[in-house]
Amino acid sequence: ELQERATRLEMQALRAQMNPHFIFNCLSAINCFILENETEKASDYLTRFSRLIRMVLTNSEKSLITLEEEVKMLKLYLDMERLRFENSFDYNITYTNDVDAEAVLVPPLLLQPFCENAIWHGLMNKEGKGHLTITIKKDNEYLDCLIIDDGIGRVKASAINTGSAKKEKSMGLKIT
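Here's what I pulled together on the structure shown here. (Residues numbered from 1 in each chain as written. Predicted model: local features only at pLDDT ≥ 70, side-chain atom pairs only at ≥ 80, totals over all residues. Heavy atoms only, no water.)

Between helix H3 (residues 39–60) and helix H4 (residues 67–84), the least distance of the axes is 10 Å, while the angle of their chain directions is 150 degrees. In terms of axis orientation, H3 runs roughly antiparallel to H4. Along this stretch, H3 crosses H4, giving a crossing that reads as left-handed. Contacts from Lys-41, Asp-44, Tyr-45, Arg-48, Phe-49, Arg-51, Leu-52, Met-55, Val-56 and Asn-59 of H3 reach H4 at Glu-69, Lys-72, Met-73, Leu-76, Tyr-77, Asp-79, Met-80, Glu-81, Leu-83 and Arg-84. Here the residues of the contact of H3 with H4 are counted per class, giving 10 nonpolar, 1 polar and 9 charged. (Axes fitted to C-alpha atoms, helices over the stretch in contact; angles between N-to-C directions. Helix = DSSP H or I, 4+ residues; strand = E, 2+ residues; numbered from the N terminus. Parallel < 35°, antiparallel > 145°, perpendicular 65-115°, else oblique. Left-handed = near helix turned anticlockwise from the far one by under 90°. Contact = heavy atoms within 4.5 Å. Nonpolar A, V, L, I, M, F, W, Y, C, P; charged D, E, K, R; others polar.)

This part covers the packing of H4 against helix H5 (residues 112–123). Remark: H4 packs on H5, axes separated minimally by 10 Å, with the N-to-C direction vectors making an angle of 20 degrees. When the interaxial angle is binned, H4 and H5 end up roughly parallel. The handedness of the crossing between H4 and H5 is right-handed. Across the interface between the two elements, Glu-70, Leu-74, Tyr-77, Leu-78, Glu-81 and Arg-84 from H4 touch Gln-112, Cys-115, Glu-116, Ile-119 and Trp-120 from H5. Class assignment of the residues belonging to the contact of H4 with H5 gives a composition of 6 nonpolar, 1 polar and 4 charged.

Let's shift gears to the sheet that holds strand E2 (residues 89–96). Strand order in the open sheet made by the 3 strands is E2-E4-E5, with mixed pairing throughout. Among the strands making up the open sheet, the edge pair consists of E2 and strand E5 (142–149). Neighbour to neighbour, the strand axes of the sheet diverge by 10 degrees on average, direction disregarded. Pairing of E2 with strand E4 (residues 130–139), which is carried by 8 bridges, proceeds in the parallel orientation. Of the residues in E4, the one forming a bridge with Tyr-95 is Ile-136. Helix-sheet contacts for H4 involve E2, E4 and E5, and the interaxial angle to E2 is about 165 degrees. The strands touched by H5 within the sheet are E2, E4 and E5, with E4 carrying the most contacts at an inclination of about 150 degrees. (Pairing = 2+ DSSP bridges.)

Counting buried positions along H5 gives 9 out of 12 residues, so the element sits mostly inside the fold. Of the positions making up H5, those classed as buried are Gln-112, Pro-113, Cys-115, Glu-116, Ala-118, Ile-119, His-121, Gly-122 and Leu-123. (Buried < 20%, exposed > 50% of the residue type's maximum accessible area, 1.4 Å probe, protein only.)

Looking now at the environment of Lys-75. Along the chain, Lys-75 falls in helix H4. Judged by relative accessible area, Lys-75 falls into the partly exposed class, the value being 39%. Along the primary structure Lys-75 and Tyr-91 are separated by 16 residues, whereas in three dimensions their C-alpha atoms are 9.0 Å apart.

So, on to the packing of aromatic side chains. Taken as a whole, this structure holds 2 aromatic pairs when the rule is applied. On the numbers, 5.9 Å between centres and 65 degrees between planes, the contact of Phe-33 with Tyr-45 is edge-to-face. Of this pair, Phe-33 sits in helix H2 (residues 20–35) while Tyr-45 sits in helix H3, and the two are 12 residues apart along the sequence. There is no split in this pair, since Phe-33 and Tyr-45 are both buried. (Phe/Tyr/Trp six-rings, centres within 6.5 Å; stacked < 30°, edge-to-face > 60°.)

Next comes the structure, spelled out in structure tokens:
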């Protein structure tokens, strides 16, 4: 029971805070759009960013949300990353095996750290346009979430990544 409570509190702490590195990157992207006199992009990005922050804060109080809400947050995050990286990747989210996204409950921010990892360590170092595929399917009483990128692969990514990049990725994935 104590272990279960500790795990719940750890997950609550993760949900209650946005990754400071992500927030810094978002604000830097907005600043770059402003400095480059791309006011429409800056406004669009800021609007999406504020919507995402609001969703995260609202959902951080809950231990479970619908899969539909989780995917809305994920799409908003992915759209922001696409805008920031000038559409250098596409993504596709597919449900199979009659998944009822309104009925399935999941912890908030369950999928985002894995997608962030795929973007940052797989797709950002790829030449040409990258692709991220998220497939969500029912497997008996389990929900399988497959996140696949066509990036550079783990071996090349680990050779490129700096020590700080490794630290950034590990906390979200470890807690999740």
